[in-house]
Amino acid sequence: MAESIAMLPWSISSSAHLDHHHRMLPRALCSSQKLYRFSEACMDGGLSRNCVVAKYSSTQSSLLFAKQSRQKCLTPLKAVVASETQASSVTPLIGNDKIGVLLLNLGGPETLDDVQPFLFNLFADPDIIRLPRLFRFLQKPLAQFISVFRASKSKEGYAAIGGGSPLRRITDAQAEELRKSLWSKNVPAKVYVGMRYWHPFTEEAIEQIKRDGITKLVVLPLYPQFSISTSGSSLRLLEGIFREDEYLVNMQHTVIPSWYQREGYIKAMADLIEKELKNFDSPDKVVIFFSAHGVPLAYVEEAGDPYKAEMEECVDLIIEELDKRKITNAYTLAYQSRVGPVEWLKPYTDETIIELGKKGVKNLLAVPISFVSEHIETLEEIDVEYKELALKSGIANWGRVPALGCEPTFISDLADAVIESLPYVGAMAVSNIEARQSLVPLGSVEELLTAYDSQRRELPPPVTVWEWGWTKSAETWNGRAAMLAVLVLLVLEVTTGEGFLHQWGIFPQFR
């Protein structure tokens, strides 16, 4: 999926062996879990809440289920603001300042002709494809090759959802509704949209912010949970832009890094789930299936990405809200959209759907938990691919919760988050151009990036140690060398339009 690949960094390595007999679902964040074997009582969609969450075990190959403890605990990366709007007037916080809100998102091709250049922008990002330092000069040629290679397949997906991504249209609508909500709350702010890999680019939004003379800026990534591959990538870009511009260095600003734990967001998600459950003949027998975008396992285990922990707590908070409404359905969490040879967060959505079908689940409600806008991963990957897989796997009744979009409770809560952040804007503002390393005063880019990478080192590859001899590591590095050689040849084929693949008619002419 084209838009999904922003969270899909590639590694030049041989394929990792995935253990298809084990499934890992969320670990408890604080206390230990009580495990249950999947019993006959859980068949035919009649799962109890205690039969829901599978847990990966290195010593057992069976599918185990547990009820997660939803005890409150410390979040790895909290938003910089509280979850309730301040009661005090915001007028003193504004004064003569011009308030701006910058919404950050991935972006997506709006037409089929946009697909290939969009993919090029995506893969040209060194945060997405991490080449060894010696081969950095191949970044753009490799991005060109991959974008051309994947374009036809990606175009099929976009053609299936209307010929392009609706992400920009939806994000623009969210920005307008957020602006209206802020004005209704006595905060006359302007709201801007900055996309990472397509129009309107973040750079374009920043130029408009400067033209409008914004003096206080709140940066709000439209990703509920923080990940180094989404929010992190956008903030890295902002860091570079801010450091090179005197106006931006002196502008007061702050970042709301994640907001999955906010009361309004949780209630909005629970509202959508409750509404969709009513479409089933037996709502209490429906398994709530949270499907989140995946990230490489190394991001979490080695680079310290808080995404997994935040995602698990987010699900816990939504389940708590459903409990208050006497909705006690079975539920589970899995990760979708993996690509490339490295291991990703488990369990995988497709494999979990198959397992649930084998265990007799008949009613499934998919919840795209990490998405606030409809795009190719919800409209094609979930609505088409996963639905088809579920029906083939024996799941008779399939439903899907829509993305939040412009849901009023959600938009109003985002406005509250912006208002609550205003007292902190410029609290530690930079006073001179030489102090550029302090990019954002509170919840700064530097602070957020340090949360997962204090030395600003590159994300770890699956194999980090060279071992001589006939070893797994040696085989991996040999495979990398061979793969790199093949990639170089293919890049030359694409960029020059000449070579034996063209001569034999295997590779199409691009000139």
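Residues numbered from 1 in each chain as written. Predicted model: local features only at pLDDT ≥ 70, side-chain atom pairs only at ≥ 80, totals over all residues. Heavy atoms only, no water.

## Considerations on the sheet that holds strand β11 (residues 397-400)
Item 1. Spatially, β9-β8-β10-β11 is the arrangement adopted by the 4 strands of the open sheet, whose pairing is parallel. Every other strand in the sheet has two partners, leaving β9 (331-336) and β11 as the edge strands with one partner each. Across the sheet, the mean angle from the axis of one strand to that of its neighbour is 25 degrees, orientation sign disregarded.
Item 2. Across 4 bridges, the pairing between strand β10 (residues 363-368) and β11 is parallel. Each bridged residue has a counterpart across the sheet, and for leucine 364 the counterpart in β11 is tryptophan 398.
Item 3. Its contacts with the sheet place helix α8 (residues 263-277) against β8 (287-293), β10 and β11, and it is angled at close to 155 degrees to β10.
Item 4. Contacts from helix α12 (residues 376-392) reach β8, β9, β10 and β11 within the one sheet, and its direction differs from that of β11 by about 165 degrees. (Pairing = 2+ DSSP bridges. Helix = DSSP H or I, 4+ residues; strand = E, 2+ residues; numbered from the N terminus. Axes fitted to C-alpha atoms, helices over the stretch in contact; angles between N-to-C directions. Contact = heavy atoms within 4.5 Å.)

## As for the nonpolar core
Item 1. With 82 residues, the main nonpolar core has Leu182, Tyr265, Ile273 and Phe290 as its most contacted residues.
Item 2. Once residues within four sequence positions are removed from consideration, isoleucine 273 is found in contact with Ile288, Phe290, Ile318, Leu322, Leu365, Val367 and Val401.
Item 3. Counting 26 residues, the second-largest nonpolar core is a separate cluster that includes Val115, Leu142, Ile161 and Ile376. (Core = buried A, V, L, I, M, F, W, Y, C linked by side-chain atoms within 4.5 Å. Buried < 20%, exposed > 50% of the residue type's maximum accessible area, 1.4 Å probe, protein only.)

## Some points on the pairing of β8
Item 1. Counting buried positions along β8 yields 7 of 7 residues, so the element is predominantly enclosed.
Item 2. Residues Val287, Phe289, Ser291 and His293 of β8 are buried on one face, and the alternating residues Ile288, Phe290 and Ala292, pointing to the opposite face, are buried as well.
Item 3. Relative to β10, β8 runs parallel, the two sharing 5 bridges. When the sheet's bridge partners are listed, valine 287 is paired in β10 with leucine 364.
Item 4. In this structure, β8 lies alongside β9, joined through 6 bridges in parallel fashion. For isoleucine 288, the partnering residue across the bridge sits in β9 and is tyrosine 331.

## Regarding the pattern of salt bridges
Item 1. Enumeration over the complete set of coordinates arrives at 24 salt bridges.
Item 2. For the salt bridge of aspartate 172 with arginine 168, the shortest nitrogen-to-oxygen distance reads 3.7 Å. Within this pair, aspartate 172 and its partner arginine 168 are both found in helix α4 (residues 167-184), separated by 4 residues, close to a single helical turn.
Item 3. For arginine 168, a relative accessible area of 27% puts it in the partly exposed group.
Item 4. Residues joined by salt bridges that share partners form a network here, namely Asp271, Glu274, Glu321 and Arg325. (Salt bridge = Lys/Arg side-chain N within 4 Å of Asp/Glu carboxyl O.)

## Observations concerning the sheet that holds strand β4 (residues 99-105)
Item 1. One open sheet accounts for 4 strands, arranged β5-β4-β6-β7; its pairing is parallel. Across the chains shown, the open sheet's two edge strands, defined by having one partner strand only, are β5 (190-195) and β7 (252-255). Neighbouring strand axes in the sheet, compared pairwise and without regard to direction, differ in orientation by 20 degrees on average.
Item 2. Pairing of strand β6 (residues 216-221) with β7 involves 4 bridges; the strand directions are parallel. Paired with valine 219 across the bridge in β7 is valine 255.
Item 3. Against the sheet, helix α13 (residues 408-421) engages β4, β6 and β7, with an angle of about 140 degrees to β6.

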